[in-house]
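So you can see what is in the structure, the chains are spelled out below.
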Amino acid sequence: MTRTASPARTRTFLLSGLMLLTASPMALAQAAQDGFLGTIVLNTQEDATGPVAGEANPLTVTGSKFPMQLTEVPQSLTVLGTEEIDVFNADRVSETLRYVPGVTSDVFGNDDDYDWLRIRGFQADQTGVYLDNAQNLSFAFGSFFIDPYTLERIEVLRGPSSALYGGSNPGGIINYVSKRPGGRVRELAFGIDDAPAGTVKFDYGDDLSNGAAYRFTGRLVGGDKYDEFNDGIRGTFAPGYTFTLDSGTEVTLLANLHAAEEKHNGSTFLPYSGTVEETAQFGRIDDDANFSDPDWDSYKRRQASVTGIVEHEFANGFTLTGVGRLGVASVEESYYYPFGYAGFAQTPQDEAGTLSLIAFQHDTLVRTAQTDLRYYGTVDTGGVQHDLLVGLDARFYEIDETQASGSGTTTVVDSFDPGTPTLGAPYQDATTRQRQIGLYAQDQIRFGGGFIATGNLRHDWVDTEQDGGAGFSREDSETSWRVALAYETQTGLTPYLSYASFFNPLIASPASGVTEPETGDQIEFGVKWLPEGRDFTLAAAAFTIDRENTVTGVFPDFDQLGEVESNGLELEGTYDFGNGLAIAGTATYLDVEITEDSDEALVGMTPTLIPDTEITLRADYTFEGELDGLTLGAGLRHRGESYATDDNTLEVPSNTLVDLYAGYSFAGDWIADLAVTNLGDERHVTGCQDAYTCSYGAGREVSFQVSRTW
């Protein structure tokens, strides 16, 4: 099928290519760790992308694209530094977000290959993930895996963010901030867990002459996983180099290379009967059972990305900053997953618990290019200060995929390897492309001795096309905005009220009934309290989100009659007692309701996979005296009930898990870390998408690491 590019498509593609040589933020600073929760201090840093190092009110560019303190961003925002990212020796980003309000991690349980995430009840892992403020779009199986060890920060911005970031998920975004060169960095670590598997990590960098610096970061993980016959190896290497031109322009080049050759875990896509509910035939399915075939099962990933970040400050005080990135990822998978019992039934049909299996195989290749170019600075007009920002970003995403499937059977009791399947002809063989370009502006106005008014306006053009038998072409154009008013008091209390709209362009054919992007808006009222000279922080936000044009129906007959409303409350706070003891807690309450659907019987129901409450509490104690260098900590995670079916007739019960961690500094520059997650080894289901698709969460996992910094 031959297509002629429209002027809009051509313009978008050319701009995407031309701007890949542009720019972004500053150099990296070094900071020492002070306990796991850290000492709570006020902001003294000048770097909005560098180490957080215990800052209670760090500078950030997430939610603003203009360096400002966390309290000045008129949305709910959490910033995690390396101390919090590394505390439980996490292998995946989703593991680091278990103690962040508004975020539901491990949505499909203990999946080693992908970070399933929701924010405020809405899926965020495909259109809501950003790397260095540029979108890391994912569709189908076309994604990029980011190892958390390569990140300096993980910043979670809750609520619609299209006014700055373009098409994205309504619940919010997650911005990964890469480790960057600058300053002396020396770390070498060796770890082991009880699967067992081993880990080697390294982070090495230093300054050179004439404003240059380098950094090499990497991790290699290999060995067994926690379920049957699951093993493999994966590695990440992330080098970086920074230099300064004679003009004063700072250039940072970052690369991220990742490869994995593993098998699949077996704790997901299991039936409700046998996981949440016991069966009369065999009780429950073991949470470490794996029903794939060890000789056929395969997961292979090869990916690479190169990022250019440039920043130049002009004589007038304004700064030109941009990010440009090219990426390619190849993902090949072959595995079996259960789809109910014999005859695709929801309940066991025999004493052996014969399962119906789907054999699935895909071969996916992704190519991406994106850039974000912005110009910002401050203008004073009498008693009013304007922080002005204008920007342009563009993104190109292409996925070339084939998917095929077959079927088989195995049993829960005395299960056997189902063997190599016979697959049918590919039911999906297509190349899909999406281009997005957006122009945006922001004015943050400070007046009246503490008032902060923020206004954003953005317009996007989105082009989506697919080749193949079911090919299509569509163009979308949307305007997004955000308005907010905040007031900074002398006591560090900052209440704010904001309104934001969003849109989410869908990669779907008009022939299937999908003709528009998802749209909607949010009203949020919040308070951020970071009093100077005090040892506590507190943030609270109440919100309501309306999501319209939601796709409903069953393939291939979709429509966009759906509408979902998410109402919620989030709390986040820390307290340092000043005697070595520090605590941090979060609470999230969600009330998500379908307000319109093509199936009227679903109106008033709650979508699946959305817990009504999530509560966390962490405490650690740093010893002095004879036990100087020792830190002990504990965490508690509670996930409330959720629904397992669209009609809300089946429920997933709540669960409460306990985590432990400890660290000990010795011999000057050596650190030993121990982490135990799900201490009680509680068998629990994180959620069910339907009666056929329930997922076990991770059981008890013990990891130990010894590292040296010098």
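First, a word on scope: everything that follows refers to the structure included in this document. (Residues numbered from 1 in each chain as written. Predicted model: local features only at pLDDT ≥ 70, side-chain atom pairs only at ≥ 80, totals over all residues. Heavy atoms only, no water.)

Bringing the overall build of the protein into the picture now. Per the secondary structure count, the protein includes four helices and 36 strands. Whereas a compact globule of 710 residues would reach a radius of gyration of roughly 27 Å, the protein reaches 25 Å, a difference of no more than 12%. Each of the three principal axes of the protein carries a C-alpha extent, and together these read 80 × 70 × 50 Å. Here the protein, with 710 residues, has 58% of them falling under the buried criterion. Pairs at least 24 apart in sequence give 66% of the contacts found in the protein among residues at least 6 apart. With an accessible surface of roughly 27,100 Å², the protein has 56% of that area assigned to carbon and sulfur atoms. Across the protein, 43 positive and 106 negative side-chain charges occur, with their mean positions spaced 6 Å apart. (Helix = DSSP H or I, 4+ residues; strand = E, 2+ residues; numbered from the N terminus. Rg over C-alpha atoms; globule rule 2.2 N^0.38 Å. Buried < 20%, exposed > 50% of the residue type's maximum accessible area, 1.4 Å probe, protein only. Contact = heavy atoms within 4.5 Å. Areas by Shrake-Rupley, 256 points an atom, 1.4 Å probe, with all protein chains shown as cover. Lys, Arg positive; Asp, Glu negative; His and termini not counted. Charge placed at Lys NZ, Arg CZ, Asp CG, Glu CD.)

Omega for the peptide link from alanine 195 to proline 196 comes to 5°, which places this bond in the cis form. A positive phi is found at asparagine 648, a non-glycine position, where the angle reads about 65°. Mapped onto the elements, asparagine 648 comes out in the loop between β30 (642-643) and β31 (651-652). Phi angles above zero are rare outside glycine, and aspartate 681 is one such case at about 50°.

Before going further, it helps to examine the nonpolar core. Judged by nonpolar contacts, the single largest core of 21 residues is most densely connected at Tyr272, Ile285, Phe291, Val412, Val685 and Cys688. Beyond its immediate chain neighbours, meaning those up to four positions away, isoleucine 285 contacts Leu270, Pro271, Gly274, Thr275, Phe291, Tyr341, Val412, Arg683 and Tyr696. Among the nonpolar cores identified, the runner-up in size contains 17 residues, and Leu80, Leu97, Ile146 and Ile174 belong to it. (Core = buried A, V, L, I, M, F, W, Y, C linked by side-chain atoms within 4.5 Å.)

A contiguous nonpolar patch, built from Leu188, Phe190, Val200, Phe202, Tyr204, Phe216, Leu220, Ile233, Phe237, Leu257 and Trp710 and spanning about 910 Å² of accessible area, is present on the exposed surface. Counting only elements with at least two residues in the nonpolar patch, the list comes to β11 (185-193), β12 (197-207), β13 (213-224) and β14 (231-244). Here the element with the most residues in the nonpolar patch is β12; it accounts for three residues. Given a relative accessible area of 32%, leucine 188 falls into the partly exposed group. (Patch = residues over 30% accessible without salt bridge, like charges linked within 9 Å, V, L, I, M, F, W, Y side chains within 5 Å. Salt bridge = Lys/Arg side-chain N within 4 Å of Asp/Glu carboxyl O.)

With that out of the way, let us pick up the pairing of strand β15 (residues 250-262). Sheet topology places β14 next to β15; 11 bridges connect them, and they run antiparallel. Bridged to glycine 235 within β15 is alanine 259. Connecting the antiparallel pair β14 and β15 is a turn made up of five residues, with glycine 248 showing a positive phi of about 95°. (Pairing = 2+ DSSP bridges.)

This part is about the state of the cysteines. This structure, assessed with the given rule, holds one disulfide. Bridging cysteine 688 to cysteine 694, the disulfide has an S-S length of 2.1 Å. Because the sign of the S-S torsion sets the handedness, a value of about 110° for the bond joining cysteine 688 and cysteine 694 places this disulfide among the right-handed ones. In this structure cysteine 688 comes out as buried when scored by relative accessible area, which is 0%. (Disulfide = S-S within 2.5 Å.)

A few words on a negative patch on the surface. Negative charge collects at one region of the surface, where Glu332, Asp363, Asp400 and Asp429 lie side by side. Among the structural elements, aspartate 363 can be located in strand β18 (residues 354-381).

All we've got here are geometric facts, nothing functional implied.
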